[in-house]
Amino acid sequence: MTSDSVLPNVVPTPTVSPSLREENIKFQVRLKTEDGGLQLILPAEAESSIDHTWTELWEQLKHRLNGGDRFWQPQTKVRLMAQDRLLDGRQLKAIADALKEAELQIERIYTTRRQTAVAAATAGYSVEQQLRFSSVVSGKPSQLKEPVAEPLYLELTVRSGVEIRHPGTVAIVGDVNPGGSIIAVGDILVWGRLRGIAHAGCQGNSQCRIMALQMEPTQLRIASSVARAPDKPPKQFYPEVAYISPEGILRIARAADFVRTPIETMEDKR
Amino acid sequence: MSRIIVVTSGKGGVGKTTVTANLGMTIARLGHQVALVDADFGLRNLDLLLGLENRVVYTAAEVIIGECRLEQALVKDKRQPGLMLLPATQNRRAEAINPQQMKQLIGELSKMCDYVLIDSPAGIEMGFKNAIAGATEALIVTTPEIAAVRDADRVVGLLEAQSVKRIHLIVNRLRPKMVRENDMMSVEDVQEILAVPLIGVIPEDENVIVSTNRGEPLALADNLSLAGVAFQNVGRRLQGESVEFLDLDNNNENFFSRIGKVLRTKIF
Ligand SMILES: Nc1ncnc2c1ncn2[C@@H]1O[C@H](COP(=O)(O)OP(=O)(O)OP(=O)(O)O)[C@@H](O)[C@H]1O
Ligand SMILES: [Mg+2]
């Protein structure tokens with residue numbers, strides 16, 4: 001990709017199907033720091049239209065733990081926010097084992113389901129059974145304006161078939177391989193090669209950017225704009241930034257140039 | 001502690017079974033006790049490649065159900081003491097086997113030998129999960145093709161999630177001439193995507209097909225062909241030796257003279 005070139009096959013903003021804009025981002029396993037400990041938040045069943053199998057959940061958890069184990073001290077306490085998820089004893093043990101491998105300890109399990117609470121108590125954990133969220137009933141979670149989550153920092157290779165979704169900015173230290181994808185409500189930074197799919201501002205924020213040391217994506221999306229990489233890769237790569245120009249076109253600029261010529265609209269980001 | 005290694009790929013037909021058979025033979029030749037497990041249930045062919053088909057009586061399923069003891073199901077290779085095979089189940093019983101049972105079976109088997117090599121089926125479904133259940137290491141086999149590498153990448157991700165931490169890469173069916181002419185991915189191209197340490201490069205070699213049909217793994221021959229040497233090198237690297245990678249870029253004619261040289265310099 002040459003400096004500041006418009007990618008071929010750029011799709012202007014309004015023509016993209018609305019489904020792109022309504023990415024429901026809240027359905028992946030999340031790890032959140034909170035004073036002195038960690039929260040492990042499982043996606044609520046009622047919140048996601050997609051039915052997560054246990055295996056998928058578990059893989060997400062393992063990837064999160066493998067990709068960010070420098071952020072906590074050994075034996076940090078974890079509060080497991082199981083929400084409305086049904087977990088049996090075997091699954092709770094699997095979660096505990098995975099955490100143990102990353103030198104984390106379950107402190108307490110929070111759940112809205114009686115069965116999960118019983119299973120957790122039987123397995124010997126402290127449990128707190130919570131009331132169901134009222135928002136669950138309203139059925140349209142994406143309309144609740146949630147504040148953007150803290151950035152997700154992962155040190156790993158996003159391999160084929162892996163999808164990272166996060167309701168904030170995502171920073172990957174490593175490559176995003178062909179077949180891998182990152183979908184973020186905020187910006188996407190790839191300290192490595194971006195060869196898969198990156199979708200920044202997936203809930204419609206066209207101020208978001210995608211940055212990579214080496215941009216050779218299968219596809220880039222910002223808000224509802226889509227761009228495909230040119231068929232012929234360039235001879236040399238530079239760190240690049242993809243953004244939506246004031247004319248509403250997805251552009252890519254060399255990072256060095258991008259920083260030197262600030263774009264006016266960059267100020268009122270978010 | 002014995003090593004439990006699954007040979008897997010994602011994409012089918014890239015050479016998992018060929019690698020398992022030849023590597024097993026090589027490691028046994030190097031003086032270790034090796035058990036090969038055919039975890040490609042329903043489509044067993046490891047026994048065929050090894051030429052042991054007519055000696056299979058029981059399979060993994062009978063052991064799991066408790067119809068026979070593990071020792072009874074194991075087929076010993078008369079040509080190579082130290083090598084044995086746990087055959088795959090071909091009938092519907094295969095569907096009932098789950099990862100937990102496999103893990104237990106493999107654990108038991110590992111007590112009897114130094115190496116357990118598990119040949120896995122293509123894909124990432126139940127059969128794959130069964131195959132990787134007991135493994136602590138993996139050999140990823142891929143051919144230098146985009147589709148195969150993509151699937152291999154997916155499998156590496158899954159293995160990492162399953163806490164299989166020691167993963168090595170084998171690039172199979174490399175054709176140096178095509179690479180030179182830019183018609184095939186190079187080993188470096190493959191490595192760049194997978195970011196997994198390389199343990200072997202096996203060239204495309206007609207002898208592989210001949211040996212498959214005869215039921216005599218290449219690695220059994222006294223005069224090793226190019227692919228045979230490559231397999232042997234994988235075996236040696238696996239046991240911790242550092243062995244130079246073959247220079248596949250030159251013609252076969254002067255290959256053996258160069259091998260001789262390498263061996264000599266290594267020995268003294
Ligand atoms: N290095 C090689 N040179 C030439 N032919 C090869 C080589 N490696 C494998 N083959 C051939 O490729 C075919 C597939 O090999 P093999 O059965 O080992 O693959 P597989 O990955 O086990 O397949 P499946 O996914 O169906 O189990 C066989 O016919 C084999 O002889
Ligand atoms: Mg096979």
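Please read all numbers here as calculations on a predicted model, not as lab measurements.

## Some details on the environment of A:Gly124
Alright, step 1. Relative to the elements of secondary structure, A:Gly124 occurs in the loop between α3 (114-122) and β6 (127-129).
Alright, step 2. Counting along the chain gives 43 residues from A:Gly124 to A:Pro167, while the straight-line C-alpha distance between them is 33 Å.

## Focus on the confidence of the model for chain A
For any part of a model where pLDDT is low, the fine detail of the predicted coordinates should not be relied upon.
Residues and elements named next belong to chain A.
Alright, step 1. Chain-level pLDDT for chain A is 79 on average; 76% of the residues reach the 70-or-more range.
Alright, step 2. The lowest-confidence element of chain A is helix α4 (residues 135-138), averaging 40 in pLDDT; the highest-confidence one is strand β11 (residues 188-194), averaging 97.
Alright, step 3. The model gives residues 1-6 a pLDDT under 50, and that stretch makes 24 contacts with residues more than four places away or in other chains.
Alright, step 4. Of the regions scoring below 50 in pLDDT, residues 8-22 engages in 27 contacts with residues more than four places distant in sequence or in other chains.

## Some thoughts on the side chain of A:Gln28
All names here are of chain A.
Alright, step 1. With respect to the helices, strands and loops of the structure, Gln28 is situated in the loop between β1 (5-6) and β2 (30-34).
Alright, step 2. Judged by relative accessible area, which is 5%, Gln28 ranks as buried.
Alright, step 3. Within the local environment of Gln28, its side chain forms a polar contact with the side chain of Arg64, the two groups lying 3.1 Å apart.
Alright, step 4. Of note is the side chain of Gln28, whose polar atom sits 2.6 Å from the backbone nitrogen of Arg165.
Alright, step 5. When sequence neighbours within four positions are dropped, the list of residues in contact with Gln28 reads Ile41, Pro43, Gln60, Arg64, Glu163, Ile164 and Arg165.

## A look at the site of ligand 1
All names here are of chain B.
Alright, step 1. Not every one of the 18 residues close to ligand 1 is listed here, only the nearest: Lys16, Thr17, Thr18, Asn172 and Arg173.
Alright, step 2. In this structure, an oxygen atom belonging to ligand 1 sits 2.9 Å away from a main-chain N or O atom of Gly13.
Alright, step 3. Measuring from an oxygen atom of ligand 1, one finds a side-chain N or O atom of Thr17 at 2.7 Å.
Alright, step 4. Taken by itself ligand 1 offers 630 Å² of open surface, and the protein chains cover 81% of this.
Alright, step 5. Of all elements in the fold, only α1 (16-29), β7 (166-174), β8 (198-203) and α10 (206-214) reach the threshold of two or more residues within the shell around ligand 1.

## Topic: the side chain of A:Asp175
Residues and elements named next belong to chain A.
Alright, step 1. With respect to the helices and strands, the residue Asp175 is situated in the loop between β9 (168-173) and β10 (181-184).
Alright, step 2. In this structure Asp175 comes out as buried when scored by relative accessible area, which is 15%.
Alright, step 3. In terms of polar contacts, Asp175 uses its side chain to reach the side chain of Arg193, at 2.9 Å.

## Some words on the interface of chain A and chain B
Alright, step 1. The interface is formed by 16 residues belonging to chain A together with 17 residues belonging to chain B.
Alright, step 2. In terms of surface lost to chain B, no three residues of chain A exceed A:Glu59, A:Arg159 and A:Ser160, which account for 36% of the buried area on that side.
Alright, step 3. Here chain A and chain B share 5 salt bridges between them.
Alright, step 4. The interface formed by chain A and chain B contains 13 residue pairs in polar contact (both at pLDDT 80 or more).
Alright, step 5. If one sorts the elements of the side of chain A that touches chain B by residue count, helix α1 (residues 54-67) of chain A sits on top with 6 residues.
Alright, step 6. Residue composition of the side of chain A that touches chain B, grouped by class: 2 nonpolar, 7 polar and 7 charged.

## With respect to the pairing of strand β4 (residues 76-83) of chain A
Residue and element names in this part refer to chain A.
Alright, step 1. In terms of burial, β4 is largely enclosed, as 6 of its 8 residues are buried.
Alright, step 2. Summarising the sheet, strand β3 (residues 37-41) and β4 pair through 4 bridges and their orientation is parallel. For Ile41, the partnering residue across the bridge sits in β4 and is Met81.
Alright, step 3. Two elements, β4 and strand β5 (residues 104-111), share 7 bridges in a ladder whose sense is parallel. Along β5, the bridge assignment pairs Arg79 with Arg108.
Alright, step 4. Following the backbone out of β4, through helix α2 (residues 89-101) and into the adjacent parallel β5, one traces a crossover that is right-handed.

## Quick word on the sheet that holds β3(A)
All names here are of chain A.
Alright, step 1. Pairing in this open sheet of 5 strands is mixed, and the strands run β2-β3-β4-β5-β6 from one edge to the other. Both outer strands of the open sheet, β2 and β6, are each paired with one neighbouring strand and no more. Averaged over all pairs of adjacent strands, the angle between strand axes in this sheet comes to 25°, irrespective of strand direction.
Alright, step 2. As paired strands, β5 and β6 are joined by 3 bridges and run parallel to one another. Among the inter-strand pairings, Tyr110 is bridged to a residue of β6, identified as Glu128.
Alright, step 3. In this fold α2 packs onto β3, β4 and β5, with an angle of close to 145° to the strand it touches most, β5.

## Considerations on the nonpolar core
Alright, step 1. Core analysis: the biggest nonpolar cluster contains 92 residues, and B:Leu50, B:Leu86 and B:Ile118 have the highest contact counts within it.
Alright, step 2. With near-sequence residues (within four places) excluded, B:Leu86 lies in contact with B:Leu36, B:Val37, B:Asp38, B:Ala60, B:Leu70, B:Ala73, B:Leu74, B:Leu105 and B:Leu109.
Alright, step 3. Residues A:Leu152, A:Val162, A:Val170 and A:Ala227 belong to the second largest nonpolar core, which totals 27 residues.

The rules behind these values
- Residues numbered from 1 in each chain as written.
- Chains lettered and ligands numbered in written order.
- Predicted model: local features only at pLDDT ≥ 70, side-chain atom pairs only at ≥ 80, totals over all residues.
- Heavy atoms only, no water.
- Helix = DSSP H or I, 4+ residues; strand = E, 2+ residues; numbered from the N terminus.
- pLDDT = per-residue confidence, 0-100.
- Contact = heavy atoms within 4.5 Å.
- Buried < 20%, exposed > 50% of the residue type's maximum accessible area, 1.4 Å probe, protein only.
- Polar contact = N/O pair within 3.5 Å; in protein donor to acceptor, adjacent residues only side chain to side chain.
- Near = heavy atom within 4 Å.
- Areas by Shrake-Rupley, 256 points an atom, 1.4 Å probe, with all protein chains shown as cover.
- Buried area = accessible area lost by both parts, 1.4 Å probe.
- Salt bridge = Lys/Arg side-chain N within 4 Å of Asp/Glu carboxyl O.
- Nonpolar A, V, L, I, M, F, W, Y, C, P; charged D, E, K, R; others polar.
- Pairing = 2+ DSSP bridges.
- Right-handed = clockwise from strand over helix to strand, strands pointing away.
- Axes fitted to C-alpha atoms, helices over the stretch in contact; angles between N-to-C directions.
- Core = buried A, V, L, I, M, F, W, Y, C linked by side-chain atoms within 4.5 Å.

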